[in-house]
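A structural walkthrough
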Amino acid sequence: MGVVRNAMAGLGFDQDASMVVFPIAPFLVGSDISPVEAAFDRFVEGLTEWQPRSRETGLRQPPKVRIEANGFEAALDRMNRQFLMNAWGDGLPLNAPSEERVSWILEGTELPRDHLLGKVMPRGGIATVETVAVSLAAAGGRPEYLPVLIAAMEAILDPAIEHDKWQATSGSTFPVVIVNGPIAQQIRLNSGFGLLGPDPQHPAGASIGRSIRLLLQNVGGALPAVGTMAMFGGMRYTNAVFAEDEDGLPEGWTTVAEDRFGIPRGTNAVTVFVATGASNIVRRGVGKEAPDEEAEQSLHRVASYLRSPSSHYSHSWARGTPGGLLMSRTVANQLAGLGWDKERIKTFLWEKSRIPASEVRETGLYQWIKAAPEPETIASTEMDPWPITRTPEQLILCVAGGHHPTHNFWMQAMTPQVTRGEIRLPSNWDMLVARGDEELGICEGGVCEI
Amino acid sequence: MDALEVFDPSGATEVTRLHAFRLPDLEGKTVAFLSNDMWQSHRMLPMLRNKLAERFDGIRIVAETEFPMGNVPIDRDETVEQVVARNADAVIIGNAS
């Protein structure tokens, strides 16, 4: 019900709809649909008698929330409980998004507070620069994170990435935000060991990603079992926000932003795609293989992970990406030294991950491809073996992760497009970075002095 | 007593459209169906169409199969225009799950 109500709000109606609601059973394959037949009168009532809650249009701006308690600590504790009761939290403690803290966060942009970024679907809540700053304030962020968060939200709200659909889906979708350019190191985003997890020396990814999650939930209405039907909801505390390890790129290799959007290296950029899962792939051999043999075996192993009959590929096939492969600088340079450039690796993985037509039919993937909206995707059912994406270039290969040879990391996608956001730095940027160094310690060579 | 004043993190919403008024009766009316072609809609919607036709004199049904089907196609403005062009008085959309 929540999904439909949210969707109505997203279309500009009040958060309300005429619905006939059933438990999940009649919707399953081979189900008994007699409960639907028995409820026929309710369908008629929906067309003839149902009344909406509201008959007025207009902007609904919620007032600030006042919390009273004996002492600041008690007030913060009460605020956290109230946020959970209002379904605004994620279960972890939040900072108070007070005027003072939000104003501090807003030092990270020169855009006006009421600058509109878009509506967050399916609920259709309005995301302004202030709304985004409120989320970052609550999520433990800092002003210098704001340019990346704004850019990431612009990329998420780009209609091409269809966030209204993956917000509500039963798939456990999560946005992946890849940052290129000098801003990554300036704000201490992780590109090395543990880049997808907590790291006190690189806290920016966690705060930015958590802010995105809170925006998708609070403004967009993606509340589990109400506004999002994500069955498992993995990676959703912080999503995935990290930097490409540009210093570790082999000579001649391009960045993700260059590959996808032609943005020159050295320019700040945010690239976003939507993932549905993640796999750690042991790619290294036992160490007794010849280098060429190990390299090729490792790429075969990676391709075998990509070669899965996932219906999500059909959503991404025409213009999106099948997913993002993270490869450490150690592996990238080892492969590059053996003559494997980025294009050759992508082409190899694309070729070796093709799925025989017999398997496409056997696993029911065929029907999903046929149900895709793009004619070129539907036509691809004639291909044997079926490639998991239209072209090798669509595969994202990102040099990132700890400086170690053993693993790759694969994030399979369900993303009709890969989108970008613009990073705009305020004129006080150098001051913000210097203050970050003063307050959090200076980072050099990927290690911060705390 | 200390007080904290914080922003409501859910942000603003704007209602720009109102729901259509309900019909007094379905007799003689045109009811269109739209389908995302999921969740057994291929069984439920025909059943509902048949029951509507049996119950209401002069009702005209425009089946979901006469419009584009699927989550993306039914979300397009062109599909809405097709429904309007068929002079539909009401629309039943299915299925969400």
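Note: the structure precedes this text.
Worth saying up front: this structure is predicted, and the values here are computed from it rather than measured. (Residues numbered from 1 in each chain as written. Chains lettered and ligands numbered in written order. Predicted model: local features only at pLDDT ≥ 70, side-chain atom pairs only at ≥ 80, totals over all residues. Heavy atoms only, no water.)

1. Examining the interface of chain A and chain B
Interfaces are often sized by the accessible area lost when the parts come together. With 75 residues of chain A in contact, the opposing surface of chain B contributes 47 residues. Here chain A packs against chain B, burying approximately 5600 Å² in sum over the two surfaces, 66% of which is carbon and sulfur. When the buried surface of chain A facing chain B is broken down by residue, Phe27, Phe40 and Leu47 of chain A rank first, second and third, together holding 14% of it. In this structure, Asp75 of chain B engages Lys165 of chain A in a salt bridge whose closest nitrogen and oxygen atoms are separated by 3.2 Å. The interface formed by chain A and chain B contains 19 residue pairs in polar contact (both at pLDDT 80 or more). Relative to strand S2 (residues 13-15) of chain B, strand S1 (residues 58-60) of chain A runs antiparallel, the two being bridged by three bridges. The residue of S2 of chain B that forms the bridge with Gly58 of chain A is Val15 of chain B. (Contact = heavy atoms within 4.5 Å. Buried area = accessible area lost by both parts, 1.4 Å probe. Salt bridge = Lys/Arg side-chain N within 4 Å of Asp/Glu carboxyl O. Polar contact = N/O pair within 3.5 Å; in protein donor to acceptor, adjacent residues only side chain to side chain. Pairing = 2+ DSSP bridges. Helix = DSSP H or I, 4+ residues; strand = E, 2+ residues; numbered from the N terminus.)

2. Describing a nonpolar patch on the surface
A cluster of nonpolar side chains, contributed by Ile24 and Leu28 of chain A together with Trp39 of chain B, occupies part of the molecular surface with about 260 Å² of accessible area. Structurally, Trp39 of chain B can be placed in the loop between strand S3 (30-35) and helix H1 (41-55). (Patch = residues over 30% accessible without salt bridge, like charges linked within 9 Å, V, L, I, M, F, W, Y side chains within 5 Å. Areas by Shrake-Rupley, 256 points an atom, 1.4 Å probe, with all protein chains shown as cover.)

3. Here's the deal with helix H4 (residues 72-85) of chain A
Here H4 of chain A contains 14 residues, and its C-alpha end-to-end distance of 20 Å stays within 8% of the 20 Å for a straight helix at 1.5 Å per residue. If you follow the buried residues of H4 of chain A, they end up packed against strand S2 (65-69) of chain A together with strand S1 (2-6) of chain B. (Expected span 1.5 Å × (residues − 1).)

4. Observations regarding the pattern of salt bridges
Applying the stated criterion to the full structure yields 25 salt bridges over all chains. The shortest N-O distance in the salt bridge between Arg188 of chain A and Asp437 of chain A comes to 2.7 Å. Of this pair, Arg188 of chain A sits in the loop between helix H9 (183-186) and helix H10 (204-219) while Asp437 of chain A sits in helix H19 (residues 429-440), and the two are 249 residues apart along the sequence. Residue classification places Asp437 of chain A among the partly exposed positions, given a relative accessible area of 25%. Linking Glu64 of chain B and Arg49 of chain B is a salt bridge whose minimum nitrogen-to-oxygen distance equals 2.9 Å. Remark: Arg49 of chain B occurs in helix H1 and Glu64 of chain B occurs in the loop between strand S4 (60-62) and helix H2 (77-85); sequence separation between them is 15 residues. Accessibility assignment for this pair places Glu64 of chain B and Arg49 of chain B in one class, buried. Each of the salt bridges in this network shares a partner with another, and the network as a whole consists of Asp14, Asp16, Arg53 and Arg60 of chain A. (Buried < 20%, exposed > 50% of the residue type's maximum accessible area, 1.4 Å probe, protein only.)

5. Digging into the nonpolar core
Here is a general trend for soluble globular proteins: nonpolar side chains tend to be buried in one another's company. Residues and elements named next belong to chain A. Within the largest apolar cluster, 49 residues are counted, with the highest numbers of intra-cluster contacts made by Leu149, Met153, Ile187, Ile208, Ile212 and Val270. Per-element tally for this core: the top contributor is helix H7 (residues 146-157), with 10 residues. The contact partners of Ile212, leaving out residues within four places of it in the chain, are Leu149, Ala152, Met153, Ile156, Pro175, Val177, Asn239 and Val241. Counting 30 residues, the second-largest nonpolar core is a separate cluster that includes Leu306, Leu335, Ile345 and Leu395. (Core = buried A, V, L, I, M, F, W, Y, C linked by side-chain atoms within 4.5 Å.)

6. Details of the environment of Pro309 of chain A
Residues and elements named next belong to chain A. For Pro309, the position within the fold is in the loop between helix H12 (291-306) and helix H13 (312-316). Judged by its relative accessible area of 31%, Pro309 is partly exposed. Along the primary structure Pro309 and Ile355 are separated by 46 residues, whereas in three dimensions their C-alpha atoms are 7.4 Å apart. The contacts of Pro309, once residues within four sequence positions are left out, are Ile355, Glu359, Thr363 and Leu365.

7. Quick notes on unusual backbone geometry
The amide bond that connects Met121 of chain A to the next residue, Pro122 of chain A, takes the cis arrangement and shows omega of 5°. Structurally, the position occupied by Pro122 of chain A is in the loop between strand S3 (116-120) and strand S4 (125-128). In the segment running from Gly94 of chain B into Asn95 of chain B, the intervening peptide bond is cis, with an omega of -5°. Tracing the backbone shows Asn95 of chain B in the segment after strand S5 (90-94). Phi at Met235 of chain A is positive, roughly 65°, even though this residue is not glycine. Along the chain, Met235 of chain A turns up in the loop between H10 and strand S6 (240-243). The phi dihedral of Gln40 of chain B is positive, around 65°, even though this residue is not glycine. For Gln40 of chain B, the location among the structural elements is in the loop between S3 and H1.

8. A word on the environment of Arg420 of chain A
Residues and elements named next belong to chain A. Within the secondary structure, Arg420 sits in strand S11 (residues 419-421). Given a relative accessible area of 44%, Arg420 falls into the partly exposed group. In the structure, Arg420 is positioned 53 residues away from Gln367 in sequence and 31 Å away in space, judged by C-alpha atoms. Every residue in contact with Arg420, bar those within four places of it in the chain, is listed here: Ala155, Phe261, Ile263 and Val270.

9. Quick word on the sheet that holds S4 of chain B
Backbone hydrogen bonds are what pair the strands of a sheet, in a parallel or an antiparallel way. Residues and elements named next belong to chain B. Sheet architecture is open: three strands sit in the order S4-S3-S5, paired in parallel fashion. Every interior strand has two partners, whereas the edge strands, S4 and S5, have only one. In this sheet, adjacent strand axes meet at a mean angle of 20° when their direction is disregarded. Judged from the five bridges that link them, S3 and S5 form a sheet pairing that is parallel. Within the sheet, the bridge partner assigned to Val31 lies in S5 and is Ala90. (Axes fitted to C-alpha atoms, helices over the stretch in contact; angles between N-to-C directions.)

10. Some points on the packing of aromatic side chains
The description of an aromatic ring pair uses the distance of the two centres, along with the angle that the planes make with each other. Residue and element names in this part refer to chain A. For the coordinates displayed, the defined rule picks out five aromatic pairs over all chains. Note on Phe22 and Phe43: the rings are 6.3 Å apart at their centroids and 25° apart in plane angle, and the pair reads as stacked. Residue Phe22 is located in the loop between helix H1 (2-10) and helix H2 (34-38), and its partner Phe43 is located in helix H3 (residues 40-48); the two are separated by 21 residues in the primary sequence. The exposure classification of Phe22 matches that of Phe43, with both residues buried. Cation over ring: Arg361 sits above Tyr366, and NZ or CZ is 3.8 Å from the ring centre. (Phe/Tyr/Trp six-rings, centres within 6.5 Å; stacked < 30°, edge-to-face > 60°. Lys NZ or Arg CZ within 6 Å of the ring centre and 35° of its normal.)

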